[in-house]
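What follows is the residue order along each chain.
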Amino acid sequence: MAGRVPSLLVLLLVFPSSCLAFRSPLSVFKRFKETTRPFSSECLGTTRPIIPIDSSDFALDIRMPGVIPKQSDTYFCMSMRLPVDEEAFVIDFKPRASMDTVHHMLLFGCNMPSSTGSYWFCDEGTCTDKANILYAWARNAPPTRLPKGVGFRVGGETGSKYFVLQVHYGDISAFRDNHKDCSGVSLHLTRLPQPLIAGMYLMMSVDTVIPAGEKVVNSDISCHYKNYPMHVFAYRVHTHHLGKVVSGYRVRNGQWTLIGRQSPQLPQAFYPVEHPVDVSFGDLLAARCVFTGEGRTEATHIGGTSSDEMCNLYIMYYMEAKHAVSFMTCTQNVAPDTFRTIPPEANIPIPVKSDMVMMHEHHKETEYKDKIPLLQQPKREEEEVLDQGDFYSLLSKLLGEREDVVHVHKYNPTEKAESESDLVAEIANVVQKKDLGRSDAREGAEHERGNAILVRDRIHKFHRLVSTLRPPESRVSSLQQPLPGEGTWEPEHTGDFHMEEALDWPGVYLLPGQVSGVALDPKNNLVIFHRGDHVWDGNSFDSKFVYQQIGLGPIEEDTILVIDPNNAAVLQSSGKNLFYLPHGLSIDKDGNYWVTDVALHQVFKLDPNNKEGPILILGRSMQPGSDQNHFCQPTDVAVDPGTGAIYVSDGYCNSRIVQFSPSGEFITQWGEESSGSSPLPGQFTVPHSLALVPHLSQLCVADRENGRIQCFKTDTKEFVREIKHSSFGRNVFAISYIPGLLFAVNGKPHFGDQEPVQGFVMNFSNGEIIDIFKPVRKHFDMPHDIVASEDGTVYIGDAHTNTVWKFTLTEKVEHRSVKKAGIEVQEIKDSEHKLETSSGRVLGRFRGKGSGGLNLGNFFASRKGYSRKGFDRLSTEGSDQEKEEDDGSESEEEYSAPLPAPAPSSS
């Protein structure tokens, strides 16, 4: 009888209707059988999507159900439900596709696909919930084989219930005969528990710029690994045409161990590592992409279009099942100095024979040659159009699969189009990657007509992308208006200005260490609070928030620096041997410094002219708590200029605002920990920054992890309103108020989030965003604090890039067409002066800009009793909150507990 079982199982699958009364041993597959979709008769060998192998193993044949793409760059998705309820493991992948037909395929695991149809256009989305990438294929890459005992976990209570296949059809010329395509991937699954769980670690650059004509350009990525040990067994590289070689390493105790090195112009498969590589807590993962800018006539940025570039290394690994994490990322370079000792092989391009390069000519050169001027037009490997907006379609672009990502940095979202035609033209400009007014954009009308259809289609797809990225409810800012009669005399601002970095201010090169706070003293000097050679990382606190590195002693350098706002010279320094982990800084109307230390769990009042120590201390040293006499990692202080009342945001392990009298006596507290995904007014998850609005008697709080700003009455503590915008993303790190305007910075997005790190200017009376700004030199990574002066000058301190930027308010440029001597010309009306108001209260004349530079390593080395220690290294600061277990992005900053044991991963 046992020998007949396999034959019977096959019959049950092929003739289900004749066996309804028989309880098949494959009853676990019944649900799948009922939802199986018919395949085209042309797709031979795909009519049995589930194939039993033995009593524990089975194969799934996940294929497109006989589709005919009608347009190039079509993305089709289809889903298949896992046919078992219990936990299973994918142990092998076999691609069923050819690059003659398919450009790439991605396979995801999730709990709910975006559609239940037999297949759908992927611009409708891939999954409605979080998804994990399981497999990627392109360019006739060979099958990916997992080591014995290793599998991707699916099903059960925590694993994915569905597989979603995304197939990109690049050039549809292969479908001229109208044949139906059934490309896909075959999976080998087992129900036998696997001791080792597979996952993916993605390293990618997001800010590389390749200058035109530059012969060699390096793009470096590095992150400290902060998880349980992982064991690397395969890797895949990706760049576009300019990439020459991509190399990945583990760095431990200064020793570089190769993970993988490959030319991105070869078939993009997962290549096995030559020797097994284990990565442990504290190791550095480092990757370098080598590019050339030769042949380009303008700079090339990281992005998704064929005229952009990518620098991606993704690593396949396994971990012990009890600690498994399915997906981790690294998108920054936390240790640039380390690359001085990178092995020379990383800088040597790998020669590739022409017959080895599998390039995909999806379109004729004429379709894209004018997007970016080239000295010569090489064959492009990819030319694709973004037509889907969910998380993993964006991930696929980051992995090098999708094209025509709209570049946010080339689009100023604060510039409002005056008419629909202006908006369409602006979007067309973005999608085509052209700058209006550029010489190459002013080519003949005949060329413009030739691209009209392409532009129209891409504008249409751009609109579809926007609608997919931002559901209707998220496109409307959440703003609870003030009560009637309140705030009626608050100055109105309409956004007729723009924040711009002061490019000649040398302070951008100030600090190579962690900047935790910035403020302005009564003389309008910039004051910086920094951590010297101390770093907040996973070893700083135990599970009860008690500081664990007391043995290091207090910071030996001066932690408070007074900086000239014009030339960035250090005017004064103090705070030596006082602090362990500095955090918040504010300055009252009398010039006293108010600072917090998260290791000491204390608040200090300092007289900058008094060298004898603090004049007031709140909290108990090294004693976390939540009563009237204790704090737990307090974050910021605000002092009311009228009443002298002291407000403390407390903090990382408490969720409250505490009020004290001017002499430090406890008055009251309010706030509670957030509950659920929709926090109520007065609930906080890390109240991180405070801003007083004295004339309205309001205190505003940056409710950091809830991504919002809450304002309260200072007398009654009554909730007034919430300011929340989708463009904030998940975090609001810091806020600063000047009459009429509220400034804010958000936090580094979680992987897959759409909103970039940026600064915001809001009209305080209605909460509307009137400007969004970023720096030109360097980039925001973890802007930790912000302060604005009443003349509109803004300073932002960033802890990841160890940078302080200065921004100034300028009038927007007005373009108008005029005729002179019968010749129509474009005239730019640009007021050189800075904005002023009659009262001088808000936008007064800007102060002069200085020159010269400052390096704190040199500053301290030049003074007796100081050392360079800590100032020549790049330390990092990530999210204060523990990330989701599948987010392995660099986050050394403000852990409030040791590394926890992860819950079971959902693959």
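Residues numbered from 1 in each chain as written. Predicted model: local features only at pLDDT ≥ 70, side-chain atom pairs only at ≥ 80, totals over all residues. Heavy atoms only, no water.

Looking now at the state of the cysteines. Applying the stated criterion across every chain yields a total of 6 disulfides. Each disulfide pairs two cysteine sulfurs, and for C632 the partner residue is C653, the sulfurs being separated by 1.9 Å. Looking down the S-S bond of the C632 and C653 bridge, the torsion is -95 degrees, so its handedness is left-handed. Linking C632 in the loop between strand 32 (616–618) and strand 33 (634–639) with C653 in the loop between strand 34 (646–650) and strand 35 (656–660), this pair joins segments that are 21 residues apart in sequence. Residue classification places C632 among the buried positions, given a relative accessible area of 4%. Between the sulfur of C700 and that of C711 lies a disulfide, 2.2 Å long from S to S. Disulfide C700-C711: torsion about the S-S bond near 100 degrees, hence right-handed. You can see C700 sitting in strand 40 (residues 698–703) and its partner C711 sitting in strand 41 (residues 708–713), a full 11 residues away along the chain. By relative accessible area, which is 0% here, C700 ends up buried. (Disulfide = S-S within 2.5 Å. Helix = DSSP H or I, 4+ residues; strand = E, 2+ residues; numbered from the N terminus. Buried < 20%, exposed > 50% of the residue type's maximum accessible area, 1.4 Å probe, protein only.)

A word on the sheet that holds strand 35. Spatially, 4 strands are ordered 33-34-35-36 in an open sheet, and the strand pairing comes out antiparallel. Here the strands that pair on one side only, and so sit at the sheet edges, are strand 33 and strand 36 (666–670). Within this sheet the neighbouring strands show an average axis-to-axis angle of 20 degrees, counted without direction. Pairing between strand 35 and strand 36: 4 bridges, direction antiparallel. (Pairing = 2+ DSSP bridges. Axes fitted to C-alpha atoms, helices over the stretch in contact; angles between N-to-C directions.)

In this section: the UniProt feature "binding site: Cu(2+)" (unreviewed entry) in the chain. Residues annotated in UniProt with the feature "binding site: Cu(2+)" (unreviewed entry) correspond here to H103, H104, H168, H238, H240 and M310. One can find H168 in strand 10 (residues 162–169). Its relative accessible area of 0% is what places H168 among the buried residues. Of note is the side chain of H168, whose polar atom sits 3.4 Å from the side chain of Y75. Position of H238 among the secondary structure elements: in strand 15 (residues 230–238). Using a relative accessible area of 0% as the deciding quantity, one classes H238 as buried. (UniProt positions renumbered as here; feature names shortened; annotations may be inferred. Polar contact = N/O pair within 3.5 Å; in protein donor to acceptor, adjacent residues only side chain to side chain.)

One open sheet holds the 4 strands; their spatial order is 25-26-27-28, and the pairing between them is antiparallel. Here the strands that pair on one side only, and so sit at the sheet edges, are strand 25 (515–520) and strand 28 (570–574). The average undirected angle you get between the axes of adjacent strands in this sheet is 20 degrees. Inspection of the sheet shows strand 25 paired to strand 26 (residues 526–530) by 5 bridges, in the antiparallel sense. Across the sheet, the residue bridging to V518 is I528, located in strand 26.

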